[in-house]
Amino acid sequence: MPLRIVYVSTLAPAVSEDDIAALVDKAAAFNRAHGITGVLALEDRRVCQILEGPDAAVVALFRSIGRDPRHSGVTEIVNVPIDAVTFEDWGMVRRRMIDMVVSAFALG
């Protein structure tokens, strides 16, 4: 059964816009290869991300994110089994924070 994890964090001050773009590109390829989908929202240094996919893959990725020095204050806010992924073939896309809020309400 697929799993959804939603978390928030704060990016380290040294993380640049170029770093973020490279991270999103790399994450998209990694996620597609592992059946993970999701969305990343940024506002200033604040991050909110939804990860969905196979339970073990999503948990492993979230643990990796928690150890990543580019983030601090990684806080899991949702961890639920789901019947199907919401983001289908999005390996990882970047959206504005307000779009993430709207998505969160749509997910229920």
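Refer to the structure printed above.
So, a few notes on the structure that sits alongside this text. (Residues numbered from 1 in each chain as written. Predicted model: local features only at pLDDT ≥ 70, side-chain atom pairs only at ≥ 80, totals over all residues. Heavy atoms only, no water.)

### Describing the nonpolar core
For step 1, the next point in the chain: Of all hydrophobic cores here, the largest spans 17 residues; its most connected members are Tyr7, Leu11, Ile20, Leu42, Val47, Leu51 and Val58.
For step 2, the next point in the chain: Mapped onto this core, the elements with two or more residues apiece are β1 (2-11), α1 (17-34), β2 (37-43), β3 (46-54) and α2 (55-67).
For step 3, the next point in the chain: Within the second largest apolar cluster, six residues are counted, among which are Val6, Val8, Ile50 and Phe87. (Core = buried A, V, L, I, M, F, W, Y, C linked by side-chain atoms within 4.5 Å. Buried < 20%, exposed > 50% of the residue type's maximum accessible area, 1.4 Å probe, protein only. Helix = DSSP H or I, 4+ residues; strand = E, 2+ residues; numbered from the N terminus.)

### Observations regarding the pairing of β1
For step 1, the next point in the chain: Among the 10 residues of β1, eight are classified as buried, and the element is accordingly described as predominantly covered.
For step 2, the next point in the chain: One ladder, built from nine bridges, connects β1 with β3; its direction is antiparallel. Considered in β3, the bridge of arginine 4 is made with glutamate 52.
For step 3, the next point in the chain: Where β1 meets strand β4 (residues 71-81), eight bridges bridge the pair, whose relative direction is antiparallel. The partner of valine 8 across the bridge, within β4, is threonine 75. (Pairing = 2+ DSSP bridges.)

### With respect to α2
For step 1, the next point in the chain: Between its first and last C-alpha atoms α2 spans 19 Å; for 13 residues at 1.5 Å apiece the expected length is 18 Å, and the two agree.
For step 2, the next point in the chain: Taken together, the buried residues of α2 touch β1, α1, β3 and β4. (Expected span 1.5 Å × (residues − 1). Contact = heavy atoms within 4.5 Å.)

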